[in-house]
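Breakdown of the fold
Listed below are the residues making up each chain.
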Amino acid sequence: MTMTAPKNDPVRNPLTQSQSLIFTGQILAGKCPLYNMIYAFEIEGRLSPHQFVRSFENLLNVTDALRLTFEVVGDGSFRQVINDMSDFTLPIIDKASEPDFSFEDWSTKQGTSYLDPSTRIFDSALVRLTESKFGWYLNIHHLATDALSFPVLLKRLSDLYGQLDKGIKSRDSYPRYLDYVSYEAAEKEKDNDVSDYWNNELERVLPPIALAGNRLEDESTNSVRISVDLGARRQARLAQLLEDTSFRSLTKQLSAYNFYNALLSVFVSDLSGQPGATIGSPVHNRITPEHKNTAGLFIEFFPITTEFQLNESFSEVIKKVSVESLKFFRNSRPGKAWPELSSSFNV
């Protein structure tokens, strides 16, 4: 995959740890759309298509993460640059006269298109479904976004649309993603104790599992997500269970994290026959208020290992998970998930 430098030769910036891992994966995968993150929303009610287009243009202007491109420079290192996206105009696609048109199917098919990190990191369109209903399609390469970025982008777009609606010229300033890139680079040079902790954890990582004695041979990127609705009754019972002193932790969120971590660990251990489990767990890395209002890729994955005997009770397993999770979150710092850590688990 050839990565070409932008014509206007802007300032080249280093990548974050997560960006480096994903960019490496994309280069190895060629033009496979391995890292597309697709959002598709149907909008009902009053909407001015041309105002929406202008709002999206303004969104690009105030969001540096959407204007990033990526390249391999002469010494083989990776760089990212902010570009001028003034030549992009959000297309309006009219499908109102096609009663059998499925916005969901169209978005799914459109989302299989390859996003070239060297040219533009996103694809987007506004689709007219009926006279009073639109679909907004947004596909962003994972190099420039994560799950917590989209609410940030959605709020920005909503604010910008509202300002145009009221005839107000936007004077808002938003945190820049490249400020986080600099922050992470500085953090990576700190906390030698944290690096020592993860080196020790790497020694504890359990071998990759073979579920039910079978190893994954299929190298396809296709996957099927299966959702199971627990129902209101089960969810209420689980919430009640997490209030029990045997399961309760410092916060409701941590209680739920420990519970489901233990549940998955026991399940994996039972299938694999291993005395415990190593699970890759995400950390959002949005530490400051500015980070929480910044669009871009922040998330990293770290291994959390819990060792237990197959004859231990679930309560005993949760206690062990609770000890591990406190150490896990204490040491999960931006930029510390180096490649050996990120490739040390398969669950």
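Summarised in this report is the structure supplied together with it. (Residues numbered from 1 in each chain as written. Predicted model: local features only at pLDDT ≥ 70, side-chain atom pairs only at ≥ 80, totals over all residues. Heavy atoms only, no water.)

1. Here's the deal with the packing of helix H8 (residues 252-272) against helix H10 (residues 314-331)
Packing of H8 against H10 leaves a shortest axis separation of 9 Å and a crossing angle of 120°. Compared by their axis directions, H8 and H10 come out oblique. For the crossing formed where H8 meets H10, the hand is right-handed. The residues of H10 that touch H8, namely those facing Leu 254, Tyr 257, Asn 258, Phe 259, Asn 261, Ala 262, Leu 263 and Val 266, are Phe 314, Val 317, Ile 318, Val 321, Ser 322, Ser 325, Leu 326, Phe 328 and Phe 329. (Axes fitted to C-alpha atoms, helices over the stretch in contact; angles between N-to-C directions. Helix = DSSP H or I, 4+ residues; strand = E, 2+ residues; numbered from the N terminus. Parallel < 35°, antiparallel > 145°, perpendicular 65-115°, else oblique. Left-handed = near helix turned anticlockwise from the far one by under 90°. Contact = heavy atoms within 4.5 Å.)

2. Considering the side chain of Thr 305
Among the secondary structure elements, Thr 305 is positioned in strand E8 (residues 300-307). What Thr 305 contacts, discounting residues up to four positions off in sequence, is Glu 201, Arg 204, Val 205, Leu 206, Ala 277, Thr 278 and Glu 324.

3. Concerning the side chain of Thr 16
When you line up the elements, Thr 16 lands in the segment before helix H1 (17-29). Residues in contact with Thr 16, not counting those within four places in the same chain, are Gln 80, Tyr 177, Tyr 180, Val 181 and Glu 184.

4. A word on the packing of aromatic side chains
Counted according to the given criterion, the structure contains 25 aromatic pairs. Summarising the aromatic geometry, the rings of Tyr 197 and Trp 198 are spaced 4.9 Å apart at their centres and angled 80° between planes, so their arrangement reads as edge-to-face. Like Trp 198, Tyr 197 is buried. By way of ring pairs, the aromatic residues Tyr 197, Trp 198, Tyr 257, Phe 302, Phe 328 and Phe 329 are connected into one cluster. The ring of Phe 122 has Arg 120 sitting right over it, with the charged end atom 5.3 Å from the ring centre. (Phe/Tyr/Trp six-rings, centres within 6.5 Å; stacked < 30°, edge-to-face > 60°. Buried < 20%, exposed > 50% of the residue type's maximum accessible area, 1.4 Å probe, protein only. Lys NZ or Arg CZ within 6 Å of the ring centre and 35° of its normal.)

5. Some thoughts on helix H3 (residues 103-110)
Residues of H3 that are buried: Phe 103, Trp 106 and Ser 107. All buried residues of H3 lie within an arc of 100° about the axis, which places them on one face of the element. Projecting away from the buried face of H3 at angles above 90 degrees are the exposed residues Glu 104, Asp 105, Thr 108 and Lys 109. Where H3 is buried, its residues contact strand E1 (36-44), strand E4 (92-94), strand E5 (122-130) and strand E6 (133-141). (Arc of directions from axis to C-beta.)

6. Focus on a nonpolar patch on the surface
A cluster of nonpolar side chains, namely Val 224, Ile 226, Val 228, Leu 230, Tyr 260 and Leu 263, defines an oily patch on the protein surface of about 640 Å² accessible area. Relative to the assigned elements, Val 228 resides in the loop between helix H6 (192-204) and helix H7 (231-241). You can call Val 228 exposed: its relative accessible area is 65%. (Patch = residues over 30% accessible without salt bridge, like charges linked within 9 Å, V, L, I, M, F, W, Y side chains within 5 Å. Areas by Shrake-Rupley, 256 points an atom, 1.4 Å probe, with all protein chains shown as cover. Salt bridge = Lys/Arg side-chain N within 4 Å of Asp/Glu carboxyl O.)

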